[in-house]
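# Coordinate inspection notes
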Amino acid sequence: MHNLVKYNQSWTFHLGFRDELVAGFVAGENVTLPHNAVDLPYNYFDEADYQKPFTYQKIIVWDPAFEGKEVSLIFDGVMADSVVYLNGTQIGAHADGYTPFEIRLTGKLNQGENLLTVKIDGSENPDIPPFGDRIDYLTYAGIYRDVWLKVVDPISIANIKIETANELTDAKSVSVRCDLYNPQDLAVAGIVKVQLSDVDGNFISETEGKITSNSAVVSFSGLADLSLWDVENPTLYKMAVEFSSADCHDNVSDEFGFRTAEFTPEGFLLNGRPLKIIGLNRHQSFPYAGYAMGKAAQEKDADIMKNMLKCNLVRTSHYPQSKYFMQHCDRIGLLVFEEIPGWQHIGDEGWKQTSIDNVKRMIERDWNHPSIILWGVRINESADDHDFYVETNKVAHELDGTRQTAGVRCIENSEFLEDVFTMNDFIQGQEELPYHNRPRIALRDQQETTGLKHNVPYLVTEYNGHMFPTKAHDQEDRLAEHVLRHLSVLNASYGDDHIAGCIGWCMFDYNTHADFGSGDRICYHGVLDMFREPKFAAYAYSSQCDPADEVILKPVTIWARGERNICGVLPLIVLSNVDEIKVRYGDTYSENLQPDRVNYPYLPHPPFILNLEHFGAEGMGEWGLKWEGAEVIGYIDGKEVARHEFSRDPQPTTLQVEPDETIISADDQDDVRLMVRVLDQVGNVMPFFNQRIHVEVNGPASIIGPSELSLRAGTTGFWLRSNGQKGLISAKVIGERLGIVNIEIQAQ
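Residues numbered from 1 in each chain as written. Predicted model: local features only at pLDDT ≥ 70, side-chain atom pairs only at ≥ 80, totals over all residues. Heavy atoms only, no water.

Within the chain, the secondary structure is distributed over 8 helices and 46 strands. Taken over the C-alpha trace, the chain has a radius of gyration of 27 Å; the compact-globule value for 748 residues is 27 Å, and the two agree within 12%. Across the 748 residues in the chain, those meeting the buried criterion constitute 59%. A fraction of 69% describes how many contacts in the chain between residues 6 or more apart in sequence connect residues 24 or more apart. Carbon together with sulfur atoms contributes 46% to the accessible area of the chain, which is approximately 28,500 Å² in total. (Helix = DSSP H or I, 4+ residues; strand = E, 2+ residues; numbered from the N terminus. Rg over C-alpha atoms; globule rule 2.2 N^0.38 Å. Buried < 20%, exposed > 50% of the residue type's maximum accessible area, 1.4 Å probe, protein only. Contact = heavy atoms within 4.5 Å. Areas by Shrake-Rupley, 256 points an atom, 1.4 Å probe, with all protein chains shown as cover.)

Laid out in structure tokens, this is it:
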């Protein structure tokens, strides 16, 4: 029996590291994992606060169930440079912050109590990727993912690899490789049984085979009436694998899907059909908590990417991310481009070997995910290094022959060793540089960036970002330009069949080092803010969805006479997927507007651009005249389907507090986000209402970060963390001018 249980409770945390913490237990702070060693402020901090050693201790009490078994601990993610001690003796180490590792306890545990000590070091050790030079993101210290206690028979299942074939036929095939964990090097003579079912447990087929070494392959063929995994219908199946011999027994299961994914010089094909990739890059960081957020928060980010932003792909920039995030991408049909840790810098030979090892660890952890369509085997934006990248590609292809490789660069004429040429194209905006003498373009032709005379599989992996940082509370002119820059790249990508798609930088704003960002330790590069609240540019993406999925109607304005340069709101961009719009200003209606297919001919749903001529001679009046309210009305097939209203005199009317969920798990530590918005009398966020709010929490949960929060652009957010107990969680949100809102969340 594969006995794997979470081991997150009752850890003791210490600042720093000293020898006495190896020798004996010392009282400290009781913590539950995932845990962030230092909760940084929202902005204006010193990242050196976490760049130091920390220590975790835990008492492991001998259990009679350990007798005759293999006992180990699995750490899903620890930042970084971990050293593990048991009863005063070092028993393991791991020099990476993003991949899992296993520590064997068999033969080392005493009857009674055993002291486990884990030293971590948040320093940017130049021997460990991504470190060695400056990096534009933070690597928060801590045991920030789950820890698991594994108790199994002396021979057990280490991993299974599921590979499909004949996916596009009605006689599908699938093979399962079962790799055994056999640390005592015992003789193997047993059976591997494999059962295929749907995710609801309905039986489909089963087979078995003999196993006489530490690995065996069992296959199915001729599987009929099975569905493909697709972004629209992400059908998953379950593979249950059982190993048995005279003395040992184990079983594991994993989910997978039947699909093909191929990047070609003519674009990307999913299940043989063209699909234009539209995506965003994601860091795994959160305000205050850093990396230490659990299952619910990881899944919510995937939901936001797919269901709010309407993207079909996420790039895990610049490292492997939570398995919960990956699993949810499988479930909801969100494609993933996963890459190894790194940012521009390549270290010495030892550093490179660690990076090669990271390729192996990344692929072996995640090879069964149908959502993953591309392995990133190059350090993001690094220089060419022939021997190094020949090896990373070789390792990837040997481990997984079903997926292509890629290597993200930002330099032209880079050596092309991967299967897909992936390019960070920041040409848009470079026309503003004094030495740049070409007009503005959104994207370069691929042959200009590759230096090749023929087209190759090609994907744009970053654009915008640092070229035009934009805060949610910036002036409206800048917010509108932010929108246009994202639209122009999307339009160029849709218009070039030789580009598989484009992945914008980035999903949300994030904390960074002093060498980057806006001086406050934040890169305002996202289409969302750090709490995942959308800026206007978010709707450049969501408005490209089919209106049958959701009707989007978002005017890019706060509707004020004097906010923009030279005043007024024109030209007014309206991001929408409707057929036509009409605008009412006071009692005056515009003519019906069509999407701007002149400037954005390739977008599925171009923006509407409202100018003065659309109102005739009266227009919207001049400076000094009465300002009026307005409505934007959207139509499909001549029928009204959406309406957005603006008040001429917005006043703070509603304190809106919106939790992502009202029921959360009490089985383990769980996190839930609550968004706070100040709305006017017609429901619009008031972007310059920047007063403070106060949060009080009662019940089995606590707030992550401070309880006094400042509104930014009329909104803020916070996460509540349950403590593993059942009960009613009540959150009281108090606004100075808007009263009190009470929210109840049930932990069960």
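The positions UniProt marks with the feature "domain: Glycosyl hydrolases family 2 sugar binding" (unreviewed entry) are residues 53-149. Its end C-alpha atoms 24 Å apart, residues 53-149 is made of 0% helix and 43% strand. (UniProt positions renumbered as here; feature names shortened; annotations may be inferred.)

Let us now look at the pairing of strand E5 (residues 70-75). For E5, the buried fraction is high: 6 of the 6 residues fall into the buried class. Examined bridge by bridge, E5 and strand E10 (residues 147-152) share 6 bridges and lie antiparallel to one another. From the neighbouring strand, Ser72 faces E10, where its bridge partner is Lys150. With 4 bridges connecting them, E5 and strand E8 (residues 101-104) associate as antiparallel partners. Across the sheet, Ile74 pairs through a bridge with Glu102, a residue of E8. (Pairing = 2+ DSSP bridges.)

Moving on, we get to the environment of Gly519. As for its position among the elements, Gly519 is in the loop between strand E29 (510-511) and strand E30 (522-523). When the C-alpha positions of Gly519 and Asn43 are compared, they lie 9.2 Å apart, and in sequence the two are 476 residues distant.

Right, let's get into the environment of Thr716. Structurally, the position occupied by Thr716 is in strand E44 (residues 715-722). Assessed through its relative accessible area of 1%, Thr716 is described here as buried. Placed 39 residues apart in sequence, Thr716 and Arg677 show a C-alpha to C-alpha distance of 6.7 Å. With sequence-adjacent residues up to four places away left out, Thr716 is seen in contact with Phe531, Leu674, Met675, Val676, Ile693, Leu709, Ser710 and Leu711.

By the definition in use, this model includes 49 salt bridges. In this structure, the salt-bridge partner of Asp515 is Arg134, at a minimum N-O distance of 3.2 Å. Pair noted here: Asp515 is in the loop between E29 and E30 and Arg134 is in the loop between strand E9 (113-121) and E10, with a separation of 381 residues, a long-range link. Classification of Asp515 as partly exposed rests on a relative accessible area of 46%. Among the ionic pairs, Glu708 bridges to Arg692, the shortest N-O distance being 4.0 Å. Of this pair, Glu708 sits in strand E43 (residues 708-710) while Arg692 sits in strand E41 (residues 692-698), and the two are 16 residues apart along the sequence. The class for Arg692 is partly exposed, based on a relative accessible area of 44%. One continuous salt-bridge network, built from bridges that share partners, spans Glu431, Glu432, Arg440, Glu481 and Arg485. (Salt bridge = Lys/Arg side-chain N within 4 Å of Asp/Glu carboxyl O.)

Attention shifts here to the sheet that holds strand E33 (residues 580-585). The strand order across the open sheet built from 4 strands is E34-E33-E36-E37, with neighbouring strands paired in antiparallel fashion. Every interior strand has two partners, whereas the edge strands, strand E34 (588-589) and strand E37 (639-646), have only one. Alignment of strand E36 (residues 630-636) against E37, held across 7 bridges, turns out to be antiparallel. Among the inter-strand pairings, Ala630 is bridged to a residue of E37, identified as Phe646.

The subject of this paragraph is the UniProt feature "domain: Glycoside hydrolase family" (unreviewed entry) in the chain. Mapped onto the present numbering, the UniProt feature "domain: Glycoside hydrolase family" (unreviewed entry) falls on residues 655-736. A distance of 10 Å separates the end C-alpha atoms of residues 655-736, which is 0% helix and 57% strand.

Take unusual backbone geometry next. The step from Leu33 to Pro34 runs through a cis peptide bond, and the omega angle for that step is 0°. Locating Pro34 in the fold gives a position in the loop between strand E3 (29-31) and strand E4 (53-61). Note the cis peptide between Met79 and Ala80, where omega equals -15°. Among the structural elements, Ala80 can be located in the loop between E5 and strand E6 (82-86). Positioned with a positive phi, Gln344 is a non-glycine residue whose angle comes to about 70°. Phi is positive for Asn413, close to 60°, though the residue is something other than glycine. Overall, the relative accessible area of 52% leaves Asn413 in the exposed class.

A few words on the side chain of His35. Along the chain, His35 turns up in the loop between E3 and E4. At 2.7 Å, the side chain of His35 and the side chain of Tyr56 are in polar contact. Filtering out sequence-adjacent residues up to four positions away, His35 remains in contact with Phe13, Tyr56, Ala141, Gly142, Ile143, Tyr144 and Ala292. (Polar contact = N/O pair within 3.5 Å; in protein donor to acceptor, adjacent residues only side chain to side chain.)

Moving on, we get to the nonpolar core. Leu309 and Tyr541 are the most contacted members of the largest nonpolar core, which has 61 residues in total. Counting residues per element, this core draws most heavily on helix H7 (residues 476-494), at 6 residues. Here Tyr541 is in contact with Ile278, Gly279, Leu280, Leu309, Lys310, Cys311, Tyr463, His486, Leu490, Gly504 and Val527, once residues within four sequence places are set aside. Core analysis: the second largest hydrophobic core is formed by 51 residues, Tyr50, Phe54, Val84 and Val147 among them. (Core = buried A, V, L, I, M, F, W, Y, C linked by side-chain atoms within 4.5 Å.)

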